[in-house]
Amino acid sequence: MTDKRIKTKQTHPPSRRAFLRGAAATGAGLAASAASAQTAPDPLITEVQDWASGTGDGVDATPYGLPIEFESDVIRRNVAWLTADTISSINFTPIHALDGTITPQGCAFERHHSGAIELSKSDYRLMIHGLVDTPLVFTYADLERFPRINKTFFLECAANTGMEWAGAQLNGAQFTHGMIHNMEYSGVSLRSLLSEAGLSAAGDFKDKWVYVEGADASSNGRSIPLEKALDDVMIAFKANGEALRKEHGYPVRLVVPGWEGNMWVKWLRRIEITDQAIESREETSKYTDTLEDGTARKWTWVMDAKSVVTSPSPQAPITHGKGPLVITGLAWSGRGAITGVDVTIDGGKTWQKARLAAPGQPMALTRFYLDIDWDGSEMYLQSRAHDDTGYVQPTKTQLREVRGLNSVYHNNCIQTWWVKKNGEAENVEVS
Amino acid sequence: MSKYLKLALVTAITTGSLSAPVLAAGLGVGRAALPEEIAAWDKDIAPDGTGLPVGSGSVEYGEEIFSETCASCHGEFAEGVDNWPTLSGGFGTLDREDPVKTVGSYWPYLSTTYDYIRRSMPFGGAQTLSDDDVYAMVAYILYSNDLVDDDFVLSNENFLEVEMPNAGGFIVDDRVVTEYPHFTSETACYEDCKDTVEITMRAAVLDVTPIEDTPEPVIEATQEAAVEAAPVVETPTTVTAAAFDADLAAKGEKVFKKCKACHQVGEGAKNRVGPMLNGVVGASVAHVDGFKYSNDLLAAKDAGRVWDEALISEFLAKPKSVFKKTKMSFAGLKKDSEIAAVIEYLKSVSQ
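Given the structure is predicted, the values throughout are model-derived calculations rather than measurements. Within any chain, residue numbers begin from 1 and follow the written order of that chain's sequence. The lettering of chains begins at A and the numbering of ligands begins at 1, in the order of writing. This being a predicted model, a pLDDT of at least 70 is required before a residue's local features are given, and a value of 80 or more before pairs of side-chain atoms are given or counted; all residues contribute to the totals for chains, interfaces and linings. Note that the side-chain values use all heavy atoms of the structure and ignore hydrogens as well as water.

*Asks:* What is the right way to read the sheet that holds strand E8 (residues 209–214) of chain A from this model?
*Replies:* Working definition: the strands of a sheet are paired by backbone hydrogen bonds and lie parallel or antiparallel to each other. The pairing criterion for strands is at least two bridges between them, as found by DSSP. Secondary structure is summarised from DSSP: a helix means a run of H or I of at least four residues, a strand means a run of E of at least two, and numbering begins at the N terminus for each. Read across the open sheet, the 6 strands follow the order E9(A)-E8(A)-E13(A)-E4(A)-E5(A)-E1(B); overall the sheet is mixed. What marks the edges here is a single partner per strand, and that holds for strand E9 (221–225) of chain A together with strand E1 (31–32) of chain B. The sheet contact formed by strand E4 (residues 125–130) of chain A and strand E13 (residues 268–274) of chain A spans 4 bridges and is parallel. Along E13 of chain A, the bridge assignment pairs glycine 130 of chain A with isoleucine 273 of chain A.

Below is the structure:
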C-alpha cells in the first residue's frame, strides 16, 4: 500500500484532518503480520525520483537552518482565550511531536509578562547589592570570565496542567503538559558571583534571601532562599550550545533547578541579598496554591515528580493499526532523579515498568518507552513517575483529596489518554 | 520568619551542588556599583515597609488617575475588563468554586500593591508614575475594596496601619508533611489494583489544535483587512493607498513595539486596550466602531477632526497635551524621527 502522504513538492504539511483520515485508511485494513504483502511495485522505489536525479540546496541556502517544511506543524501554540493578550501570556511546547529529552529552543514554550524584549549584550548590566561586602556591576563580558559550568535542567511552569485541576479540559499533551522544556545550559554559578561581592555582610545565611529581578517592563522578581542560591542556581547565557533566544531571556537568565519556572528570571538585571522575602506580586497573588478551605500555600517552589505519555496522545494518534506500538513519554522531578516510570494501558488495573532511554539525571527530563503488541482494542493510557526520594506521582483523586479544586498550580497528577480502536486519543478522567 | 524558611527549605532543597570550583578569593572582575545606580534599580518594597518612598496620595486623586490610566483594562471600579485582572471585591469566595482573588480578598500585604504598580504598571508604560501617583492609586484600590473611606489619604507614615483582610490566609508549603508520606513508591500497586475503570469526564475543549493549518496568503488578506477597516474613505483628507517609504516604515515597525501592548494592526487586528489602528492615518478621530473612546476623542470626532499626519505627530509627542482625557496612558515618543517612522508604518499597514 502506497503512503500517499509523502510527496516531493509538498507546500504545506498534511492537515490534521487529512492525517487522521489517512490513519483510518492505512491502519484499519492492515493485518498484524510482520510484513504485509505488496501487490504492486512501489513507484517510490521503481521510479527515479526528482531528489535522486536533480540537485538540492547549496551550502549557503540557509545560513541558520530551520526545520524542513514537512515539520511546520511542530510549533509552539497558544490558547487565545486563556489570557487577555499575547504580550502577557503563555504558549506550549509541542511535546507530542518531539523525542529524546532536549527541547530545541525554537519550539520551547514561552511565558512573558510584558513581552519578549530585545536587550543586547553590550547594553546588558547585572547588579549585585544589598547585604554584600561590595555592591558590584557586571557586564556581559565580565560574566564570561567566571568559571564556566554546563548542566541540563527542565524548566516547568508552576501552572503546567493547571487547567486540568477541575477536570479534563484541553485535548492534547502539548496543551496539558507543554509548559515545560529541557535544555543544556552554559553559564556560571550564582555562588561564584556572590562570592565575588562577598557575603560576610550577610551574617548567618540560613534566614537570608536573594531577590532576583528582570530588566523587562514586568520587572518580574522573586525571592529565593540564600541557601538555594548558593547550592545550585546558575546564571545562564547559552542553551543547547547557542545563545539564549530572545523569548527565553537573551542575553542572560537565571536557572533555578527543580523549582517553578517563574523563578527563572529572564533578562536578569538585579540580585539583592535581603533579610526577608519581598513578597512580590508573583509570590503572593500568583504562584500561591489555594486549598479547599480558602487558605493558600506559599513558597511552594519545588516541582514534584511527574510524567506524561507524549505518544500516542490526542495530537499523535496511532496511524498504523494493531501490532507493534511504541508508547513513549517524559518524566521529571524537581526533587531529584527519576528512578522509574510505570505505564498502564488499562486505566490502572495493572502497571508495567517502562524502559528508561537513559538513567534519570537530577532535575532533568527522562525519556521512557514501552514497546507493546497492540491488539487494536481501546486503551486507557497512563504513566506514573518515581524519583530517588521514594516519591511516586499521585492520581488526580489523591491530589484533590489534599488540595481541593482551586490550586491552579503544581498539578502533577497522573494523566489519562483514552486511545480508541481507530487509534485516535482523547483527554479523559477515569474512575 | 526563619522557622518558616527552614520548613520551606526542608521541602525544597535537593541534593547536589554545582561542581564549579569554589573561589578562594575574588577574581577582581566587575566594578563597584555606584549609590545612584543602586537607587535607580533598587525599587522593591518589603512587607515591613522597607523601601517605601516618602510621599502620599488621596483616594480622590487616585480615582482620577485610575480612570485615566488603569480603567481601560481594570475597569472604572477596578472590576476588571475581559481577561484583565479584577482588583476589587471577591470577599468570601476563596473557599468556593472559582475564587475571585483580588487585592482586597487575597493579597496578604499592601506593600505588594505599591511595589507592583510602581515597578510594573501601567502595562506598556511601566515606571512612568510618580511615587505620589502610586500612593493615590493604591489608596483608590483600597477604597474600591471598601477598606478605607473616600477621604482617606495614604502615605508612607500610615502605610503599615492598613489591615489587609487576607493577611492570615497563607501557610508555608507543607507538602513534606501533608503529601510526601502518602505519595510513596512503597505502596505503588502493579497487579489487580482496581476492579473496574470507567470514564468519568472527557476533554471539555476538543478542537484546541487547529484542524487546518494551511497558512493564508498573507498579502491579499492584509489588503482585504485594510479595505474593510477603513470605512471613512469619503473623507477628503483621507490618504487612500498613499505611497509610503518602505525603509522608514520598517523603522517605524520597530518603534511600534512600544505601542503593541495596547494596539493591533494588520490582518485580523482587533480592538484591545486601545483601538486597532488599520487605516488610522487620514481617518476621522475615533473612527473604529465598537471601541469605547474617551469623551475628548468623541467630541473631536463630532467636530470633524481627522487623524492627519500633523495631528498624529502632535498626539504621539505628548498625548495628553492634545486630548487631556485620553485613556492612552503612553507618555509619548521623544524623538520626531520615531514619530515620523511610526506614521509611515501605520500608512504601510493600511495599504
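There's plenty left to go through after this.
*Asks:* Quick question: what am I supposed to make of the nonpolar core here?
*Replies:* Taken as a class, soluble globular proteins show a tendency for nonpolar side chains to be buried jointly. Throughout this description, the term nonpolar core refers to a set of buried Ala, Val, Leu, Ile, Met, Phe, Trp, Tyr and Cys residues connected via side-chain atoms within 4.5 Å. Classification of residues uses two cut-offs on accessible area relative to the type maximum, computed with a 1.4 Å probe and protein chains only: under 20% is buried, over 50% is exposed, and between them is partly exposed. If you look at the biggest cluster of nonpolar residues, it comprises 105 residues, and the most contacted ones within it are Tyr185, Leu194, Ile235, Leu268 and Ile271 of chain A. Structurally, this core is a two-domain feature, drawing no fewer than three residues from each of domain 1 (105–297) and domain 2 (306–428) of chain A. Note on contacts: a residue pair qualifies if any of its non-hydrogen atoms lie within 4.5 Å across the two residues. Apart from the residues within four sequence positions on either side, tyrosine 185 of chain A is in contact with Ile149, Asn150, Lys151, Phe153, Met234, Ala236, Lys238, Ala239, Leu244, Arg253, Val255 and Trp264 of chain A. In this structure, Val59, Ile65, Trp107 and Ala136 of chain B belong to the second largest nonpolar core, which totals 41 residues. The domain boundaries here were taken from an automatic or database domain assignment.

*Asks:* I keep staring at the sheet that holds strand E23 (residues 416–419) of chain A and nothing clicks. Help me out?
*Replies:* The sheet built from 6 strands is open, its strands ordered E19(A)-E18(A)-E22(A)-E23(A)-E24(A)-E5(B) with antiparallel pairing. Both outer strands of the open sheet, strand E19 (352–353) of chain A together with strand E5 (199–202) of chain B, are each paired with one neighbouring strand and no more. Bridge analysis of strand E24 (residues 425–430) of chain A against E5 of chain B gives 3 bridges, and the strand direction is antiparallel. Within E5 of chain B, the residue paired with glutamate 429 of chain A across the bridge is methionine 201 of chain B.

*Asks:* Sorry, what's going on with the confidence of the model for chain B here?
*Replies:* Any residue range with low pLDDT should be treated as having predicted coordinates unsuitable for detailed reading. Residues and elements named next belong to chain B. Think of pLDDT as the predictor's per-residue confidence, scored from 0 to 100. A residue-level look at chain B finds 83% of positions with pLDDT of 70 or above and a mean pLDDT of 83. Within the model, pLDDT remains below 50 along residues 19–23, and this stretch shows 9 contacts once partners closer than five positions in the same chain are excluded. Taken together, the stretch residues 213–241 has pLDDT below 50 and engages in 31 contacts with residues farther than four places along the chain or on a different chain.

*Asks:* Teacher, can you tell me more about the pairing of strand E5 (residues 136–139) of chain A here?
*Replies:* Walk down a regular strand and you will see the side chains alternate between the two sheet faces. Strand direction decides the pairing type here: E4 of chain A and E5 of chain A, joined by 4 bridges, are antiparallel. By the bridge assignment for E5 of chain A, leucine 126 of chain A is matched with phenylalanine 138 of chain A. Direction of pairing for E5 of chain A relative to E1 of chain B: antiparallel, over a ladder of 2 bridges. Residue pairing across strands places valine 137 of chain A opposite arginine 31 of chain B, the latter belonging to E1 of chain B.

*Asks:* How should I be thinking about the packing of helix H11 (residues 309–317) of chain B against helix H13 (residues 336–349) of chain B in this particular structure?
*Replies:* When two helices pack together, their arrangement is given by the angle between the helix axes and the distance between those axes. All names here are of chain B. Here the axes come from fitting lines to C-alpha atoms, over the contacting stretch only for helices, and the angles between their N-to-C directions go from 0 to 180 degrees. Remark: H11 packs on H13, axes separated minimally by 10 Å, with the N-to-C direction vectors making an angle of 125°. Here H11 lies oblique to H13, going by the angle between them. Classified by chirality, the crossing of H13 by H11 is right-handed. For the pair formed by H11 and H13, the contact residues are Glu309, Ile312, Ser313, Leu316 and Ala317 on the first element and Ile339, Val342, Ile343 and Lys347 on the second. Following the grouping adopted for this structure description, the nonpolar residues are Ala, Val, Leu, Ile, Met, Phe, Trp, Tyr, Cys and Pro, the charged ones are Asp, Glu, Lys and Arg, and the polar ones are all others, Gly among them. Counted by class, the contact of H11 with H13 contains 6 nonpolar, 1 polar and 2 charged residues. When an angle is under 35 degrees it counts as roughly parallel; over 145 it counts as roughly antiparallel; between 65 and 115 it counts as roughly perpendicular; any other value is oblique. Here is the rule for handedness: rotate from the far helix to the near one, and if that takes an anticlockwise turn smaller than a right angle the crossing is left-handed, while a clockwise turn gives right-handed.

*Asks:* Can you walk me through the interface of chain A and chain B in this structure?
*Replies:* A common measure of how large an interface is: the accessible area buried when the components associate. Listed by partner, the interface residues are 120 residues for chain A and 104 residues for chain B. Roughly 9800 Å² is buried in total at the junction of chain A and chain B, and carbon and sulfur atoms are behind 57% of that figure. Two parts lose some accessible area (1.4 Å probe) when they are put together, and adding that loss for both gives the buried area. Looking at the side of chain A facing chain B, the largest losses of area belong to Ala84, Arg281 and Lys349 of chain A, adding up to 6% of the total buried there. N or O atoms within 3.5 Å of each other form a polar contact, as long as, within protein, one can give a hydrogen and the other can take it, and as long as residues adjacent in sequence are counted only when both atoms are side-chain atoms. At the surface where chain A touches chain B, the tally comes to 53 residue pairs in polar contact (both at pLDDT 80 or more). Ranked by residue count, the leading element in the side of chain A that touches chain B is E24 of chain A, at 5 residues. As defined by bridge partners, strand E15 (residues 296–298) of chain A adjoins strand E4 (residues 170–172) of chain B across 3 bridges and the pair is classed as parallel. Bridging from a neighbouring strand, lysine 298 of chain A pairs with valine 172 of chain B of E4 of chain B.

*Asks:* How should helix H5 (residues 110–120) of chain B be read in this particular structure?
*Replies:* Helical periodicity: at 3.6 residues per turn, an α-helix aligns residues three or four positions apart in one direction. For H5 of chain B, the tally of buried residues reaches 10 of 11 residues, placing the bulk of the element in the interior. The set of residues buried in H5 of chain B consists of Leu110, Ser111, Thr112, Thr113, Tyr114, Asp115, Ile117, Arg118, Arg119 and Ser120 of chain B. Packed against the buried residues of H5 of chain B are E8 of chain A together with helix H6 (131–144) and strand E3 (153–155) of chain B.

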